[in-house]
Each structure stands twice: as structure tokens, then as C-alpha cells.
Amino acid sequence: MRPSDEEITALLSYDWPGNVRELKNLAERYLLGIGQQCNIKALLGQKEQTRPAHSNALSEGVQSFERVLIDQSLRRHRGNIQAVMLELDLPRRTLNNKMLQYDLKRKEYV
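1. Focus on the overall build of the chain
For the chain, the helix and strand inventory stands at six helices and zero strands. Mapped from its N terminus to its C terminus, the chain presents α and β elements in the order α-α-α-α-α-α. A total of 110 residues make up the chain; the buried ones form 35% of that total. Put simply, of all contacts in the chain between residues at least 6 apart along the chain, 65% involve residues at least 24 apart. Taken as a whole, the chain presents about 7,100 Å² of accessible surface, with 50% of it coming from carbon and sulfur.

Put into C-alpha cells, the structure is as follows:
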């Protein structure tokens, strides 16, 4: 199950004061709560926060979201790279490069 458009917007507009650790924790809580109709906005405890304006805010948001999607897929498929490639429609080299970029190690999902 992928996040809704509203949830993606919430992820991209959140300030992420805890940085990557907070994002990782949110992704884990979201995955554990999917069967219970877990809501990302509720997990964020969002109070209509907005991201400070600076030149690379969009690229940072896209990278954060991309990392979450790859992490979720790796967890769902228990590190099965072939299944992740098919689900995310990514060539192996691209997936490997992104896993390296986001410090996602297959052995942590097996």
C-alpha cells in the first residue's frame, strides 16, 4: 500500500526536526500500522507546519520521500532486490545507487 496524495503532501511539507532518524521511525511506525489504516498525518502529529523556504527544499523532500519508498519496499520484500526492482520499476543499477546514496543495506532487511 502506498501513501495517499494527501499523505505525500504531509510528508513533503513536514519540517523534519529529527532529520533522517525521525523519518526512519515514522516509516517503521507507518509500516507496522498499515493493517490498522494508519494515517501518516496522525503519526506526524502535524499542526499545519510548513517547511522553511530555501533553494533546495523540493529536492530534499523528494529525496526523503524516495528513501522512504525504497525502505518500505525493502521491508515488504525482506530484502529481495528483484521484487523491489519490479515493484518500484527501477533498473538494478539505479536501485543499487539509491540504496548506497541513502545508506540502505540489504542485509538489514533479510
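2. A closer look at the confidence of the model for the chain
For the chain, per-residue confidence averages 78 on the pLDDT scale, and residues scoring 70 or more make up 72% of the total. Note on residues 46-51: pLDDT under 50 across the span, and 15 contacts to partners over four residues away in sequence or across chains.

3. Focus on the nonpolar core
If you look at the biggest cluster of nonpolar residues, it comprises twelve residues: Ile70, Leu74, Ile81, Val84, Met85, Leu88, Leu90, Leu95, Met99, Tyr102, Leu104 and Tyr109. Those elements giving two or more residues to this core turn out to be helix 4 (57-76), helix 5 (81-88) and helix 6 (92-101). At four residues, the largest contribution of residues to this core is made by helix 5. Ignoring any residue separated from it by four or fewer positions in sequence, one finds Leu74 in contact with Gly79, Ile81, Val84, Met99, Leu104 and Tyr109.

4. As for helix 6
Leu95, Lys98 and Met99 are the residues of helix 6 that are buried. The buried residues of helix 6 occupy one face: seen down the axis, they fall within an arc of 100°. Structural note: helix 6 exposes Arg93 and Leu100 on the side pointing more than 90 degrees away from its buried face. Phi for Asp103, located one or two positions after helix 6, is positive at around 55°.

5. A closer look at the pattern of salt bridges
Counted under the stated rule, the structure contains four salt bridges. Here Arg75 and Asp71 are joined by a salt bridge, their closest N and O atoms 3.2 Å apart. Within this pair, Arg75 and its partner Asp71 are both found in helix 4, separated by four residues, close to a single helical turn. Residues Arg76 and Glu87 are paired through a salt bridge, measuring 2.6 Å at the closest nitrogen-oxygen approach.

6. What to know about the environment of Ser73
Within the secondary structure, Ser73 is located in helix 4. Through-space distance from the C-alpha of Ser73 to that of Leu88 is 7.9 Å; in sequence the pair is 15 residues apart. With residues near it in sequence (within four places) discarded, Ser73 still touches Val84, Glu87 and Leu88.

7. Focus on the packing of helix 5 against helix 6
Viewed as axis vectors pointing N to C, helix 5 and helix 6 meet at an angle of 100°, and their least axial separation amounts to 10 Å. Between helix 5 and helix 6, the crossing angle belongs to the class labelled roughly perpendicular. Contacts between helix 5 and helix 6 involve Ile81, Gln82, Val84 and Met85 from the former and Arg92, Leu95 and Met99 from the latter. In terms of residue class, the contact of helix 5 with helix 6 is made up of five nonpolar, one polar and one charged.

What counts as what
Residues numbered from 1 in each chain as written. Predicted model: local features only at pLDDT ≥ 70, side-chain atom pairs only at ≥ 80, totals over all residues. Heavy atoms only, no water. Helix = DSSP H or I, 4+ residues; strand = E, 2+ residues; numbered from the N terminus. Buried < 20%, exposed > 50% of the residue type's maximum accessible area, 1.4 Å probe, protein only. Contact = heavy atoms within 4.5 Å. Areas by Shrake-Rupley, 256 points an atom, 1.4 Å probe, with all protein chains shown as cover. pLDDT = per-residue confidence, 0-100. Core = buried A, V, L, I, M, F, W, Y, C linked by side-chain atoms within 4.5 Å. Arc of directions from axis to C-beta. Salt bridge = Lys/Arg side-chain N within 4 Å of Asp/Glu carboxyl O. Axes fitted to C-alpha atoms, helices over the stretch in contact; angles between N-to-C directions. Parallel < 35°, antiparallel > 145°, perpendicular 65-115°, else oblique. Nonpolar A, V, L, I, M, F, W, Y, C, P; charged D, E, K, R; others polar.

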